[in-house]
Amino acid sequence: MTADLTIRETTASEKIRIASLYPKAFPDEDLLPLVLALLDERQGVLSLAGYRAEGLVAHGLFTPCGVERCDGTGALLGPVGVLPSLQRLGLGGALIRAGLEQMTRRGVHQVFVLGDPGYYRRFGFEPERGVIAPYPLPEAWADAWQSVTLAGRSPLAEGHLSVPAPWMEPALWGP
Ligand SMILES: CC(C)(COP(=O)(O)OP(=O)(O)OC[C@H]1O[C@@H](n2cnc3c(N)ncnc32)[C@H](O)[C@@H]1OP(=O)(O)O)[C@@H](O)C(=O)NCCC(=O)NCCS
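Since the model is a prediction, treat every value here as computed from it, not as a measurement. (Residues numbered from 1 in each chain as written. Predicted model: local features only at pLDDT ≥ 70, side-chain atom pairs only at ≥ 80, totals over all residues. Heavy atoms only, no water.)

Peer 1: Can you walk me through the pattern of salt bridges in this structure?
Peer 2: Should the charged atoms of two oppositely charged side chains come close, the side chains can pair. The full count for this structure, using the stated rule, is eight salt bridges. The partner of Arg-106 in a salt bridge is Glu-9, with the nearest N and O atoms 3.7 Å apart. With Arg-106 in the loop between helix H3 (91-105) and strand S5 (110-114) and Glu-9 in strand S1 (residues 6-9), the pair connects residues that are 97 residues apart, well separated along the chain. Residue classification places Arg-106 among the partly exposed residues on the basis of a relative accessible area of 38%. According to the relative accessible area criterion, Glu-9 is partly exposed, its value standing at 35%. Of the charged contacts, one joins Asp-143 and Arg-129 as a salt bridge, the two residues approaching to 2.6 Å between their closest N and O atoms. Note that Asp-143 is positioned in the loop between strand S7 (131-132) and strand S8 (145-149) and Arg-129 in the loop between strand S6 (126-127) and S7, a separation of 14 residues in sequence. Accessibility expressed as a relative area gives 55% for Arg-129, which makes it exposed. Sharing partners across several salt bridges, the network here consists of Asp-4, Arg-52 and Glu-54. (Salt bridge = Lys/Arg side-chain N within 4 Å of Asp/Glu carboxyl O. Helix = DSSP H or I, 4+ residues; strand = E, 2+ residues; numbered from the N terminus. Buried < 20%, exposed > 50% of the residue type's maximum accessible area, 1.4 Å probe, protein only.)

Right under this line is the structure:
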């Protein structure tokens, strides 16, 4: 099913097509302000999309981030969305793997995500204890805060993760 999928970085002209995917993939959550702000931010943000014959069917973002007084670079993965009719066919996984490969090429040390460990562990993510999320997370979400250290790199030093302005919204970090 992923054989007919092409993954590439999006261009500025695709903003509306990307925006139309999120309310479908996340019917109960309004992630559009975050997604649009990150697309505008552009400063090192990786915007990757998956395309099939019918057009853009999957999208994900990797935002550069770091820990104060630590030279290593990090990235925050999310959101990631696949059109509902095409979920669970491997498209999301292919997009995330392509993004992690790009992060490795860019010299990123560690990628963070807040998400279901049952899904993200297949990419090597494990619960993260040393680097703390920008806002306090509910106890029940402790294992949802995860990271993967990329091949040949060392993890970032312990501390609070600093993220750009679009991510500094408490509602993104709690129920
Ligand atoms: C989560 C999402 C990006 C995964 O992409 P996908 O293409 O549907 O998933 P894949 O085909 O790569 O992976 C399928 C596997 O992941 C599992 N899976 C899919 N979504 C899952 C979820 N939310 N939690 C746990 N497991 C999940 C499936 O059970 C399947 O497992 P299996 O391989 O053991 O059968 C996609 O389902 C989606 O857009 N969901 C709605 C939005 C969302 O929740 N995004 C993630 C939070 S940022």
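Following the structure, the description resumes.
Peer 1: Explanation requested: the site of the ligand in the structure shown.
Peer 2: Looking at the ligand, there are 16 residues lining it, with Val-82, Arg-88, Gly-90, Gly-92 and Gly-93 nearest. Between an oxygen atom of the ligand and a main-chain N or O atom of Leu-91, the distance comes to 3.4 Å. Note that an oxygen atom of the ligand is positioned 2.7 Å from one of the backbone N or O atoms of Gly-93. Burial of the ligand by the protein amounts to 67% of the accessible area it has alone, namely 870 Å². Split into classes, the residues belonging to the shell around the ligand amount to eight nonpolar, five polar and three charged. (Near = heavy atom within 4 Å. Polar contact = N/O pair within 3.5 Å; in protein donor to acceptor, adjacent residues only side chain to side chain. Areas by Shrake-Rupley, 256 points an atom, 1.4 Å probe, with all protein chains shown as cover. Nonpolar A, V, L, I, M, F, W, Y, C, P; charged D, E, K, R; others polar.)

Peer 1: In this structure, what is going on with a positive patch on the surface? I would like to understand it.
Peer 2: The grouping of Arg-88, Arg-97, Arg-121 and Arg-122 at the surface amounts to a positive patch. Examined against the element boundaries, Arg-88 turns out to sit in the loop between strand S4 (74-82) and H3. (Patch = residues over 30% accessible without salt bridge, like charges linked within 9 Å, V, L, I, M, F, W, Y side chains within 5 Å. Lys, Arg positive; Asp, Glu negative; His and termini not counted. Charge placed at Lys NZ, Arg CZ, Asp CG, Glu CD.)

Peer 1: Explain the environment of Pro-27 here, please?
Peer 2: Summarising the element assignment, Pro-27 is placed in the loop between helix H1 (15-25) and helix H2 (32-41). The sequence separation of Pro-27 and Ala-75 amounts to 48 residues, and the corresponding C-alpha distance is 26 Å.

Peer 1: Explain H2 to me, please; I cannot follow it from the model alone.
Peer 2: Note: α-helices contain 3.6 residues per turn, so residues at a spacing of three or four share the same orientation. If you check which residues of H2 are buried, you get Leu-34, Val-35, Leu-38 and Leu-39. Down the axis of H2, the buried side of the element spans an arc of 130°, and every buried residue falls inside it. Pointing more than 90 degrees away from the buried face of H2 are the exposed residues Pro-33 and Asp-40. Looking at the buried side of H2, the elements it contacts are H1, strand S2 (46-52), strand S3 (55-67) and S4. (Arc of directions from axis to C-beta. Contact = heavy atoms within 4.5 Å.)

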